Structure formats: structure tokens, C-alpha cells
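# A closer look at the structure
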Amino acid sequence: LENVLEVENLKVHFRTPEVIVRAVNGISFTLKKQETLALVGESGCGKSVTAQAIMGLLKSPPAIISGEIKFRSKPITETMLISSIRGKNITMVFQEPMSSFDPLYTIGYQIAEVVEKHLGIKKKDSKELIISMLRRVHIPDAERRYNEYPHQMSGGMLQRIMIALALITNPEILIADEPTTALDVTIQAQVLKLMNELKQEMKMSTIFITHDLGIVAEIADRVIVMYAGRVVEQGSVYDIFESPLHPYTKGLLESKIKSAIRGRELPYIPGFVPSSTQIPEGCPFHPRCKYAMDICRKQEPGTFELGSHVVSCHLYAEENRA
Ligand code: SF4
Ligand code: MG
């Protein structure tokens, strides 16, 4: 399948008066047509910043961005290009639906603005299109809802409306940043089911950002595990769940099982996520890794490929493999 998006050696640092925050440190990946790629990691690992860089949402300065992002094989690093693609060919849904809508305008009006801007259809002519999209995301009473305001919707309904807004331009790529994290478990399941349905119907590619491995198992085809602004492991959802390679991924999976037993929501691996102003030398995971060797404290691991499964850890270097 063809690549719709290629990210090559992307780095995003933020310069503040005191420090440089190294949020994303040279990540590369591709997104194929109609694939759902999950970006997984604890908060602060750089997954949201990666999405924002792809969407052209970062201001520079303070952001210092390098590397290349290609949409349909064309670099979109230039501002001109990204402003025409963003919101139309590549769209995004966020964790907090309330923040994506203006409380002063009706739902219908706000979607109509997007339709007018990106599809060139005048507001008076887009009502039917919008109502049919609202129906598609299972909004009951869509005609009535069209004329209502964001505060008249429940959180789950507003999240589905945000998905409608993101899909109305028929984008090639949808980026979803923790879209269900703010919702309760039942509503979360409904939104995930909806996203799986729409992925089939609309034939788009999705980047799904989450810290929740349960969600990954339900929605993803392929998985990228991030740590300290790096990709530490990439593979199919089967690779990652059946034969995780990186000690961090193994830790996430173990803690997922333990937290399910304890009834805790968040996975937990002993130690702290490094602050992106003070990333440890060598392998950034070494202070938390039970397999750490001398070399891990000194040298950052390279990338090792085992078929389609890719890992960045010294354990998989030729000389360390059994
Ligand atoms: Fe652990 Fe070393 Fe692998 Fe890092 S490189 S994950 S410290 S074994
Ligand atoms: Mg985030």
C-alpha cells in the first residue's frame, strides 16, 4: 500500500530563556493508505507534539523544527502548503471537544464555516451535507442539533460532532489525539466503535494517539511506541502484543495487566519519565530499565529490524543476540 504520510528524522525543540526542551528527537515513520497507526507512550513522550508538527500547529519560534514531513510524497514543511492541506486533507480531533467549538455559535454554523472554507460551498447550501454527516456519526435528531449550541450537547455527543467536523472534508488523514480520554468508559467504547466504522466507510488513514494499550488493541493496525521523544519500537499490533521487544513496551504491557488486576486506570512502570530538558545520556530509558548494561549508560542504541518489527535497544544488537 502507498504511503500517505512520511515523517523523516523529525525533531522539535522549544527554546525558552533558561533551557531547551527536547520534545521530539529524531523520529521517523510512515503512514499507509487506510491504515490506523497508534502512537503510544506516557504523557510527555512527544506524541502530541509530533501530531502538532504534522498539522503545522507549532509556532516557530519558540519551536525549532527540523526533518521532513511529506504528504503524498511532497514535503509539507513550507507554511504555504500546510495551510492549504491542514483542515482539509489532514484533520484532527482533540481530547477536549469543548475547546474545539465556539460557545457563541451553533454547531451547524461552525461546521458550515469549515465546509465553506475548504469545500467552497456557501453556508446556505451546506445544511443537508452537514446533517447527513451528523447522522453518520449517530447524532440523534440531527436537524434539531444543527441549530443548537455546544453547551446543549453531552461530552460524548460533542466528541462525535467533532469527529463529524473533522471528516466533513473527506480527509486522507485523521489525527486523533487522546479523543476518548475525557469520556467515561461506556461513551469511550461507543466513540471507538464509531471510529472503527468510519475508518471502513471513509477509507482514510488515522494516527491515533493514546497512552492506553487497551485502545490500541481495539483500533490499531500498526503501533509506534515512543519514549523521551524517540521511537523505541514499531510493529504490527500483533508484534507489539504477542512479542514485544523493547523493555519499555514490555513494562507497559505488564503494568497494563497488573493495573487491570488492581483496577487502576493508569499503567505504572517504576521510575520517572525523564523531563525533556534533562534526557539521560545513552539510552534514555536506562534509569528505569532492569536489563541496562554498561553500554546503555553511554551510547544511544541504534535501530534494529526484525522483519517489519523495529526496535531501538542494545539488547538486539548483533553481538548481544543469543
Ligand atoms: Fe534497557 Fe539498554 Fe535496551 Fe535501553 S538499550 S532499553 S537501557 S537494555
Ligand atoms: Mg498529549
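All of these numbers come straight from a predicted model, not from anything done at the bench.

Glancing now at the overall build of the chain. What the chain contains, in helices and strands, is 11 helices and 12 strands. Taking the principal axes of the C-alpha coordinates as reference, the chain spans close to 65 × 45 × 40 Å. For the chain, the residues scored as buried account for 41% of the 322 residues in total. Across the chain, contacts joining residues at least 24 apart in sequence account for 63% of those joining residues at least 6 apart.

The 8 strands are arranged β6-β7-β8-β3-β9-β10-β12-β11 in an open sheet whose pairing can be described as mixed. A single partner strand is all that each edge strand has here, and the edge strands are β6 (90–93) and β11 (304–306). Sheet twist, expressed as the average angle between the axes of neighbouring strands with direction ignored, equals 20 degrees. Strand direction decides the pairing type here: β11 and strand β12 (residues 309–311), joined by 3 bridges, are antiparallel. By the bridge assignment for β12, Phe304 is matched with Val311. Helix α1 (residues 47–55) rests against β3 (36–40), β6, β7 (173–177), β8 (205–210) and β9 (222–227) of the sheet, and its axis sits at about 145 degrees to β7.

On to the packing of helix α6 (residues 155–167) against helix α7 (residues 185–202). Helix packing geometry: the angle between the two helix axes and the distance between the axes. Contact geometry of α6 with α7 gives a least axis separation of 10 Å together with a crossing angle of 20 degrees. Judged by the inter-axis angle, α6 sits roughly parallel to α7. Regarding α6 and α7, the two cross each other, and that crossing is right-handed. Touching Gly156, Gln159, Arg160, Ile163 and Leu167 of α6 are Ile187, Gln190, Val191, Leu194, Leu198 and Met202, all from α7. Class assignment for the residues of the contact of α6 with α7 results in 7 nonpolar, 3 polar and 1 charged.

Within the structure, ligand 1 sits among 14 residues, and Cys283, His286, Cys289, Cys296 and Cys313 are positioned closest to it. Of the residues contributing to the shell around ligand 1, the split by class is 11 nonpolar, 3 polar and no charged.

Here the focus is unusual backbone geometry. Ser60 connects to Pro61 through a cis peptide bond whose omega is -10 degrees. Tracing the sequence through the fold places Pro61 in the loop between α1 and β4 (63–71). Of note, the amide linkage connecting Pro61 to Pro62 takes the cis form, showing an omega dihedral of 5 degrees. Mapped onto the fold, Pro62 is located in the loop between α1 and β4. A positive phi angle is found at Ser73, which is not glycine, with a value near 70 degrees. A positive phi angle, close to 50 degrees, is found at Ala228, a residue other than glycine.

Moving on: the domain arrangement of the chain. Split by domain assignment, the chain resolves into domain 1 (3–89 + 171–271) and domain 2 (101–168). On a C-alpha basis, the centres of domain 1 and domain 2 stand 26 Å from each other. On the domain 2 side, the residues contacting the 13 residues of domain 1 number 11 residues. Here the side of domain 1 that touches domain 2 takes 6 residues from α7, the largest share from any one element.

Right, let's get into the environment of Gly282. As for its position among the elements, Gly282 is in the loop between α10 (247–262) and α11 (294–298). When neighbours within four sequence positions are excluded, Gly282 is seen to be in contact with Cys296, Arg297, Lys298, Gln299 and Glu300.

Right, let's get into the sheet that holds strand β2 (residues 20–32). With respect to topology, 4 strands assemble into an open sheet ordered β2-β1-β4-β5, the strand pairing being antiparallel. If you trace the sheet from one side to the other, it starts and ends with β2 and β5 (74–75), each paired once. Of the pairings in the sheet, the one linking strand β1 (residues 3–15) to β4 comprises 8 bridges and is antiparallel in character. Looking at β4, one finds that Lys11 is bridged to Ser66.

Moving on to the environment of Lys74. If you trace the backbone, Lys74 turns up in strand β5. The class of Lys74 is exposed, set by 12 C-beta atoms lying within 10 Å.

Reading guide: rules and limits
Residues numbered from 1 in each chain as written. Chains lettered and ligands numbered in written order. Predicted model: local features only at pLDDT ≥ 70, side-chain atom pairs only at ≥ 80, totals over all residues. Helix = DSSP H or I, 4+ residues; strand = E, 2+ residues; numbered from the N terminus. Buried ≥ 20, exposed ≤ 12 C-beta atoms within 10 Å, placed from the backbone. Contact = placed C-beta atoms within 7 Å. Pairing = 2+ DSSP bridges. Axes fitted to C-alpha atoms, helices over the stretch in contact; angles between N-to-C directions. Parallel < 35°, antiparallel > 145°, perpendicular 65-115°, else oblique. Left-handed = near helix turned anticlockwise from the far one by under 90°. Nonpolar A, V, L, I, M, F, W, Y, C, P; charged D, E, K, R; others polar. Near = placed C-beta within 6 Å. Domains from an automatic or database assignment.

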